[in-house]
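Notes for the structure review
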Amino acid sequence: MDRVARPGSYIAMRLIVLLLLCLTLVTHYALWWGKGGWLDVRQMQTRLVAQKETNEALTARNNALLAEVQDLRSGTHAVEERARSEFGMMREGEIFVQIVPPGGSAATTASPR
């Protein structure tokens, strides 16, 4: 009981194998390079990490600014410190002393009133 392969069934089998191979290639193309494929996922993961780092830095800056605003609202010490450092202001009755290094020039930032 030998089975003899018919020439038509051999061609049909090759066509089925070729069709399955083509379908496999198409699905792998979509998996690797298509929209939402592995390469897109890797790019998005890299962008996500960078965005998280940026968000952390901005959150830290926002927290520092919030602390400064609360400090300015809560008392006069922060306002006074800022006026002294940025505008060279002094209290009434204070004496301003500036020590000039040898060979340097004296530049006054504030004068007593």
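Model, not experiment: these values are computed from the prediction.

Points about the overall build of the protein chain
A count of helical and extended segments in the protein chain gives three helices and zero strands. N-terminal to C-terminal, the α/β element order of the protein chain is α-α-α. Counting all 113 residues of the protein chain, 5% fall into the buried class. Of the roughly 10900 Å² of accessible surface on the protein chain, 63% is carried by carbon and sulfur atoms.

Considering a nonpolar patch on the surface
Together, Tyr29, Leu31, Trp32, Trp33, Trp38, Leu39 and Val41 make up a nonpolar patch on the protein surface, roughly 760 Å² of accessible area in all. Among the elements of the structure, helix H1 (7–32) and helix H2 (38–74) are those that each provide at least two residues to the nonpolar patch. Note that Trp38 resides in helix H2.

What about the packing of H2 against helix H3 (residues 76–87)?
One way to put it is that H2 packs onto H3 with a least axis distance of 5 Å and a crossing angle of 105°. Compared by their axis directions, H2 and H3 come out roughly perpendicular. Within the contact between the two elements, H2 uses Glu68, Asp71 and Leu72 and H3 uses Ala78, Val79 and Arg82. Along the lines of polarity and charge, the residues of the contact of H2 with H3 split into three nonpolar, no polar and three charged.

So, the confidence of the model for the protein chain
In the predicted model, the protein chain carries a mean pLDDT of 83, and the fraction of residues at 70 or more is 86%. Looking over the protein chain, one finds the lowest element-wise mean pLDDT in H3, namely 81, and the highest in H2, namely 93.

Some remarks on H3
Compared with an ideal rise of 1.5 Å per residue, which puts twelve residues at 16 Å, H3 spans 16 Å between its outermost C-alpha atoms and is within 8% of the ideal. Two residues or fewer past H3, Gly88 is found with a positive phi of approximately 65°.

What about the pattern of salt bridges?
In this structure the tally under the stated criterion is five salt bridges. One salt bridge connects Arg84 with Glu80, and the closest N-O pair in it is separated by 3.2 Å. Here Glu80 and Arg84 lie together in helix H3, a separation of four residues that amounts to about one turn. Salt-bridge contacts for Arg82 lead to Glu86; the nearest nitrogen and oxygen are separated by 2.9 Å. Pair noted here: Arg82 and Glu86 are both in helix H3, with a separation of four residues, about one helical turn.

Definitions and limits used
Residues numbered from 1 in each chain as written. Predicted model: local features only at pLDDT ≥ 70, side-chain atom pairs only at ≥ 80, totals over all residues. Heavy atoms only, no water. Helix = DSSP H or I, 4+ residues; strand = E, 2+ residues; numbered from the N terminus. Buried < 20%, exposed > 50% of the residue type's maximum accessible area, 1.4 Å probe, protein only. Areas by Shrake-Rupley, 256 points an atom, 1.4 Å probe, with all protein chains shown as cover. Patch = residues over 30% accessible without salt bridge, like charges linked within 9 Å, V, L, I, M, F, W, Y side chains within 5 Å. Salt bridge = Lys/Arg side-chain N within 4 Å of Asp/Glu carboxyl O. Axes fitted to C-alpha atoms, helices over the stretch in contact; angles between N-to-C directions. Parallel < 35°, antiparallel > 145°, perpendicular 65-115°, else oblique. Contact = heavy atoms within 4.5 Å. Nonpolar A, V, L, I, M, F, W, Y, C, P; charged D, E, K, R; others polar. pLDDT = per-residue confidence, 0-100. Expected span 1.5 Å × (residues − 1).

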